[in-house]
Amino acid sequence: MTLLPLPPSASTMAPRVDALFYAITATTVAVAIAVFVALIYFGVRYRAGNPVPRHEDIAEAQRRARIRVELAWTLIPLFLFLCAFAWAARLYVDRGTPPAGAMAIDVVAKQWMWEFQHADGRREINELHVPRGQPVNLVMTSQDVIHSLFVPAFRVKQDVLPGRYTDLWFTATEAGRYHLFCAEYCGTDHAGMGSGDVVVMEPAEFERWLASGARAPSAAMRGEALFRALGCSGCHGANAAVHAPNLAGLYGKPVPLSDGSTTVADERYLHDSILQPHKEIAAGYAPIMPSFAGRIGEDDVFDLIAYIRTFSAAKKK
Ligand code: CUA
């Protein structure tokens, strides 16, 4: 049901966002109507020459009414605004908290395209296939400038920033094809980044689609090849000559830094350690690692992180 010309509604978030939108619109319309009705009513009733009771002492009457009027027009809108705030804040928090077990898909934005990579290594450009009814979490970064991923039918939008990972999650509720936009002006062909689609498929159909793709090496496999090709294994390997942190079991663990603080070895930390290795030095190690900024792309960083993650999984077993 759409009272206003909204885009189709195809995610679990969409009806919730619409409900808030309708509630705020309805409140605004109700207040506007009340103001105009009062305006017209008083204008007609108290027009010059109309025999209605009028206070002799205007100043006195105003003094008596003032407190009540001031309180009413302060407290009622305040209450309405706080309701809208609490409602919207709840949606905002839910929108920003991917459910546990959401299917992770890596996203690299670059001038001027979207690159998606599924966990099994299948890659897509400007088109994203997802199963219906399953939470999907897009882990996104940009290779150049700020982009913003926007799927109107899902009512979700999130900026994609260089040098940082942002999340965008959704659960699609209707199979179909939905427009995918870049909603941040990012250069000459910004408009071309609006030509993508999210394709929502039935889960079984999605499995078939995923299996039908040319067997690409998985992200972790590509990461392993890169790890050797870039020479990472020369220092971070088991019997390396250089004193460098051992990466086995590192992912997700707290890391003491040389400045005395502690961070967690998450995607953000690993990403920065590869591209800006001198930003956070692990305690007890010399800042000798070369930076790989400009040498490898954000998609390569995703692959390396996927590979580093497998160390922890292997170690836990
Ligand atoms: Cu990317 Cu606009």
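Look above for the structure.
Residues numbered from 1 in each chain as written. Predicted model: local features only at pLDDT ≥ 70, side-chain atom pairs only at ≥ 80, totals over all residues. Heavy atoms only, no water.

Details of the overall build of the protein
The number of helices and strands found in the protein is seven helices and twelve strands. Looking at the protein residue by residue over its 317 residues, the buried ones come to 38%. Expressed as a percentage of contacts within the protein between residues at least 6 apart in sequence, the contacts between residues at least 24 apart total 62%. Counting only carbon and sulfur atoms, one obtains 64% of the accessible surface of the protein, whose full area is about 18000 Å². (Helix = DSSP H or I, 4+ residues; strand = E, 2+ residues; numbered from the N terminus. Buried < 20%, exposed > 50% of the residue type's maximum accessible area, 1.4 Å probe, protein only. Contact = heavy atoms within 4.5 Å. Areas by Shrake-Rupley, 256 points an atom, 1.4 Å probe, with all protein chains shown as cover.)

Focus: the environment of Arg122
Within the secondary structure, Arg122 is located in the loop between strand E2 (113-117) and strand E3 (123-125). The spacing of Arg122 and Pro217 is 95 residues in sequence and 8.0 Å in space, taken between C-alpha atoms. Beyond its immediate chain neighbours, meaning those up to four positions away, Arg122 contacts Phe116, Gln117, Trp209, Leu210, Ser212 and Gly213. For Arg122, the side chain forms a polar contact with the main-chain oxygen of Trp209, separated by 2.5 Å. (Polar contact = N/O pair within 3.5 Å; in protein donor to acceptor, adjacent residues only side chain to side chain.)

Remarks on the pattern of salt bridges
What the rule picks out here adds up to 15 salt bridges. A salt bridge links Glu127 to Arg177; the nearest nitrogen and oxygen atoms lie 3.0 Å apart. One end of the pair, Glu127, is in strand E4 (residues 127-131); the other, Arg177, is in strand E9 (residues 176-182), with 50 residues separating them in the sequence. Where Glu202 meets Arg132, a salt bridge forms, and the shortest distance between an N and an O atom there is 2.9 Å. (Salt bridge = Lys/Arg side-chain N within 4 Å of Asp/Glu carboxyl O.)

As for the environment of Pro135
Mapping Pro135 onto the fold places it in strand E5 (residues 135-142). Each C-alpha atom, one on Pro135 and one on Gly196, is 20 Å from the other, the two residues being 61 residues apart in sequence.

With respect to the sheet that holds E2
One open sheet holds the five strands; their spatial order is E3-E2-E1-E5-E8, and the pairing between them is mixed. At either end of the open sheet lies a strand with only one pairing partner, and these are E3 and strand E8 (166-171). This sheet shows a mean twist of 25° between the axes of neighbouring strands, independent of strand direction. Sheet topology places strand E1 (residues 103-110) next to E2; five bridges connect them, and they run antiparallel. Paired with Asp106 across the two strands is Gln117, which belongs to E2. (Pairing = 2+ DSSP bridges. Axes fitted to C-alpha atoms, helices over the stretch in contact; angles between N-to-C directions.)

What to know about a nonpolar patch on the surface
On the surface, Val31, Val35, Phe36, Leu39, Ile40, Val44, Ile76, Phe79 and Leu80 cluster together into a nonpolar patch covering about 890 Å² of accessible area. The element that contributes the greatest number of residues to the nonpolar patch is helix H1 (residues 13-45), accounting for six residues. Tracing the sequence through the fold places Val31 in helix H1. Judged by its relative accessible area of 42%, Val31 is partly exposed. (Patch = residues over 30% accessible without salt bridge, like charges linked within 9 Å, V, L, I, M, F, W, Y side chains within 5 Å.)

That is the geometry; function is a separate question.
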